Amino acid sequence: MIKARTFFFFVAPSLLMMLVFIAGPLVSVLIQSFQQTQNVFETVEQQKCDPFGCKTTTVTRPIFDEEGKAITQTKWVGWENYRVVLNLAGVRAALASPEGKLKSLLAIDFWGALRFTLTFTLVTLPLVLLVGLILALSVNSLNEGLRGGVIFVTLLPFIITPVIGALAIRWLFVGDGIVTAGLEHLLKQDIAFFAQGWTIELLMLFYRVWHVAPFAFVIFYAALQTVEGEKLEAAKVDGASRWQTLRYVILPHLMPLMVFVSLIHLMDSYRVFDEIVGFNAQAFRQSLQWLTFDFLTPDDAGNRSIGRASATAMLTMIGIFFLLIPLLRNTWQERQR
Amino acid sequence: MRQKLFALPLSLRLTIWLIVGFWLIIAIFPLLWLVVMSFKLPIDAFDANPFKVILGPITSQTVGGFSLITLVLVLMTLYGLLQLFARREFYFARFQVGLGLQIIFYLGLLALAMLSFPLANFISQSLSNLLGDNNFLTKPIFGLTGQHYHAVWFENGFYKQFLNTMMVTLGVVSISLTIGTLAAYALARSNSSWAFWILLVALVFRAMPHSTLVTGYLPPFIEWGLYGKRIAVIIVLVAINQPFTIWMLRSFFMNIPASLDEAALVDGCNRLQAFRQVIMPIMWPGVITTGLFSFMLAYNDYLVSALLLDGESRTMVPAIMSYFNRETTLTDQLEAIAAAASITFPIFLLVLFFQKQIVSGLTQGAVKG
């Protein structure tokens, strides 16, 4: 076994990186979420004279320092950022309104993003598992010679840059893209995939399954190679049908890996972001991570809303911890064994 | 025996063929279509009739293109080269090919692939002199134009973004692996509770949304003038990548028996020497696999690069989105498509070369926990 001193010597650079660049930012985000940084303004009286006499007006303008940079001031604002992001007044108004409670609630950015993120995560999960499983079982019973090529093609959607993958699918559907044109030809009516939210959402779900199913496939396929032949033979001798063999021998063998793929998928799809960019969906659908990104992007005046971004980021993290609990419990139990 | 056990009825075999075939089309069609469109003039590329998009009649009239003969010859050559490539390990082992010759083999394949285009064209031309201009074999019917690629790479200066991406990815891969192997080795060889907690915390860190982390970096980075610097993005991506890197490398180190380093220690090495001279030489497969995944994380990143880089230092993926911010004409869109195809090409090569390593990397994490 490695000595404690040597251990820390080896681990130090990596640990330092993670502490400074992951733990550090988390703490500073927490602090920032209670602050607001604004330009400092001054009020000056200006005299304007024209032929009919002089008028005095008061103007508010930002103060600049010697280098011409606007002087900013960071204030402690308590829960203000959270209140703005969650828009509690809007929520109360939405709940009090006689009709369309849910609709007006989801029109608020944060709640709409939360709804989309959760739907996205929960709908793609079973689809990814199912498609991955079907593919793994199918490829596993293909001739040996064909498998390499099939795996090669299957890996492409998984390896491809997510934004580019989303764009590639978008180009098939956007405007008179080839698939839209085909559907219009078949159905004899105009179809616009990017004019309303639900079709874009459907495409984003499709994209994610297309992108992640290969990952599930590879894991399941590798596991299928390790099913013991004896067990299958025993099942055959006992007169199990093909379906029963699948149900009682193969699926239990794959179970731990299904759990693994689910946990990874939940973590990753909760952070859904690239789809929004690739499908240019932000006018109709936003995700939690996209909200933070949006607050961080400079607006027309070049200002970033760091405080609100931090508040959104902290709210997003609450969900992460719920997702992490099963994973951490798993690791802990393995440690105990 | 296995064969008999798993003999499937015809109906089931057909179903499986259908499923796999259907999936292959869905998997590759969006990417293939991207490439097809990128070589056509706008009027062909955005036609509603798929055959017109594939053939590009207007492109072939105005710019030119491949004849049927050329296309068949090129495809046959490429297929043959691919077969050679797929069996490369068999040949290398059989004839005991050294590294130098292997590289020559790859370069030769590449040269042949590139040469096949002008060569096939030449054959088609000569045939057309023989047969006359207007026959279906040698008439250009597959319209092709490289003008969008030319516009993207040279006029719009996409090569700058390509260089930026290369610098960022190379930086990320080398730094990640250096500090990652050290840490992963120690974590694999220790069963103290410290090691356990570090791994557990790394797992939590892996789940952090990247936008949250960038929210933490932005104010200090702007303050210290690091905003827009490639080195800032490299450091950030290395840190974000560390949890994944040490988990994956650790599972590779676990496969190397600890008795090996014990032996080196008995022979008078210290830990660092044992690590460098005994363990690392047999760790290369694991290092390459982990390096591939680090490369992909850096190469595919949009969020961090888009927020921390600007102007001259911008990388390829954020740059492609800027094609949509201006008033987009059809030509602009096709340039974006050509840029997208350019970004995808290295990824395609990566899978071609490292399919086995990618699969092993994916399963390694899963099977070993």
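Here the structure is a predicted model, which is why all the values come from computation and not from measurement.

### Brief notes about the overall build of chain B
Along chain B, the regular secondary structure elements total 18 helices and two strands. Expressed as lengths along the three principal axes of its C-alpha atoms, the size of chain B is roughly 80 × 65 × 45 Å. The buried share among the 369 residues of chain B stands at 38%. Residue pairs at least 24 apart in sequence account for 76% of intrachain contacts in chain B once pairs closer than 6 positions are excluded.

### Notes on the overall build of chain A
What chain A contains, in helices and strands, is 14 helices and four strands. Over its C-alpha atoms chain A spans a radius of gyration of 28 Å, topping by over 25% the 20 Å that the globule rule assigns to 337 residues. Principal-axis analysis of the C-alpha atoms gives chain A an extent of 105 × 75 × 45 Å. Considering chain A as a whole, with its 337 residues, one finds that 34% of them fall into the buried category. Taking as baseline every contact in chain A between residues at least 6 positions apart, the subset at least 24 positions apart corresponds to 65%.

### A look at unusual backbone geometry
All names here are of chain A. For Lys 188, which is not glycine, the phi dihedral falls at a positive 55°. One can find Lys 188 in the loop between helix H8 (178-187) and helix H9 (197-224). The phi dihedral of Asn 280 falls on the positive side, at around 50°, and the residue is not glycine. On the secondary structure map, Asn 280 appears in the loop between helix H12 (274-278) and helix H13 (288-296). The class of Asn 280 is partly exposed, set by 16 C-beta atoms lying within 10 Å.

### Quick notes on the packing of H13 of chain A against helix H14 (residues 306-336) of chain A
All names here are of chain A. Viewed as axis vectors pointing N to C, H13 and H14 meet at an angle of 165°, and their least axial separation amounts to 8 Å. In terms of axis orientation, H13 runs roughly antiparallel to H14. When the axes of H13 and H14 are compared, the crossing they make is left-handed. On H14, the residues that touch Leu 288, Gln 289, Leu 291, Thr 292, Phe 295 and Leu 296 of H13 are Arg 308, Ala 309, Thr 312, Ala 313 and Thr 316. Considering only residue class, the contact of H13 with H14 consists of six nonpolar, four polar and one charged.

### A word on the interface of chain A and chain B
Every contact between the two is made by 82 residues of chain A and, on the other side, 79 residues of chain B. Among the elements that take part in the side of chain A that touches chain B, helix H1 (residues 4-32) of chain A stands out by supplying 16 residues, more than any other. Its residues assigned to classes, the side of chain A that touches chain B comprises 59 nonpolar, 15 polar and eight charged.

### So, the pairing of strand E3 (residues 53-62) of chain A
Within a regular beta strand, the side chains point alternately toward one face of the sheet and then the other, so they alternate between its two faces. All names here are of chain A. Of all ten residues in E3, zero are buried, a share of ten percent or less. For strand E2 (residues 41-50) and E3, the ladder comprises ten bridges, and the chain directions are antiparallel. In the sheet register, Gln 46 faces E3, and the bridge partner there is Thr 57. Taken together, E2 and the strand that follows it, E3, pair antiparallel across an intervening segment of two residues.

### Some details on the packing of helix H5 (residues 109-140) of chain A against H13 of chain A
Relative placement of two packed helices is described by the angle separating their axes and the distance separating the axes. All names here are of chain A. For the pair H5 and H13, the least separation of the axes is 8 Å and the interaxial angle reads 140°. As the angle between them shows, H5 and H13 are arranged oblique. Together, Asp 109, Phe 110, Ala 113, Leu 114 and Thr 117 of H5 and Leu 288, Trp 290 and Leu 291 of H13 make up the contact between the two elements. The residue makeup of the contact of H5 with H13, split by class, is six nonpolar, one polar and one charged.

### Focus: helix H12 (residues 210-223) of chain B
Under the 1.5 Å per step criterion, the end-to-end length of H12 of chain B is 20 Å for 14 residues, consistent within 8% with the ideal 20 Å. At Tyr 217 of chain B, H12 of chain B is deflected by roughly 35°, the largest bend along its length, and proline Pro 219 of chain B occurs up to four residues later in sequence. Restricting attention to buried positions, one finds in H12 of chain B the residues His 210, Ser 211, Thr 212, Leu 213, Val 214, Thr 215, Gly 216, Tyr 217 and Leu 218 of chain B. Along its buried surface, H12 of chain B packs onto H1, H13 and H14 of chain A together with helix H13 (230-254) and helix H16 (303-308) of chain B. Within two residues after H12 of chain B, Gly 225 of chain B carries a phi angle of roughly 70°, on the positive side.

### Details of the nonpolar core
Counting 156 residues, the largest nonpolar core has Ala 183, Leu 237 and Ala 340 of chain B as its most contacted members. Per-element accounting of this core gives the leading share, 16 residues, to H9 of chain A. Leave out the neighbours within four places in its chain, and Leu 237 of chain B touches Val 172, Leu 297, Ala 298, Asp 301 and Val 304 of chain B.

### Focus on the confidence of the model for chain B
Residue and element names in this part refer to chain B. Model confidence for chain B is summarised by a mean pLDDT of 85, while 95% of its residues fall at 70 or above. When mean pLDDT is taken per element in chain B, helix H10 (residues 158-188) scores highest with 92 and helix H1 (residues 2-5) scores lowest with 47. For residues 1-5, every residue scores under 50 in pLDDT, and the model assigns this stretch four contacts once sequence neighbours within four places are set aside. If you check the scores for this complex, the pTM reads 0.88 and the ipTM reads 0.88.

### Concerning the environment of Ile 141 of chain B
Residues and elements named next belong to chain B. Among the secondary structure elements, Ile 141 is positioned in strand E2 (residues 140-143). Judged by the 17 C-beta atoms lying within 10 Å of it, Ile 141 falls in the partly exposed class. Separated by 82 residues in the primary sequence, Ile 141 and Thr 59 place their C-alpha atoms 9.2 Å from one another. Ignoring sequence-local partners within four residues, the contact set of Ile 141 consists of Leu 55, Ser 60, Gly 65, Ser 67 and Leu 68.

Thresholds, definitions, all that
Residues numbered from 1 in each chain as written. Chains lettered and ligands numbered in written order. Predicted model: local features only at pLDDT ≥ 70, side-chain atom pairs only at ≥ 80, totals over all residues. Helix = DSSP H or I, 4+ residues; strand = E, 2+ residues; numbered from the N terminus. Buried ≥ 20, exposed ≤ 12 C-beta atoms within 10 Å, placed from the backbone. Contact = placed C-beta atoms within 7 Å. Rg over C-alpha atoms; globule rule 2.2 N^0.38 Å. Axes fitted to C-alpha atoms, helices over the stretch in contact; angles between N-to-C directions. Parallel < 35°, antiparallel > 145°, perpendicular 65-115°, else oblique. Left-handed = near helix turned anticlockwise from the far one by under 90°. Nonpolar A, V, L, I, M, F, W, Y, C, P; charged D, E, K, R; others polar. Pairing = 2+ DSSP bridges. Expected span 1.5 Å × (residues − 1). Bend = angle between axes of the 7 residues up to and from the residue. Core = buried A, V, L, I, M, F, W, Y, C linked by C-beta atoms within 7 Å. pLDDT = per-residue confidence, 0-100.

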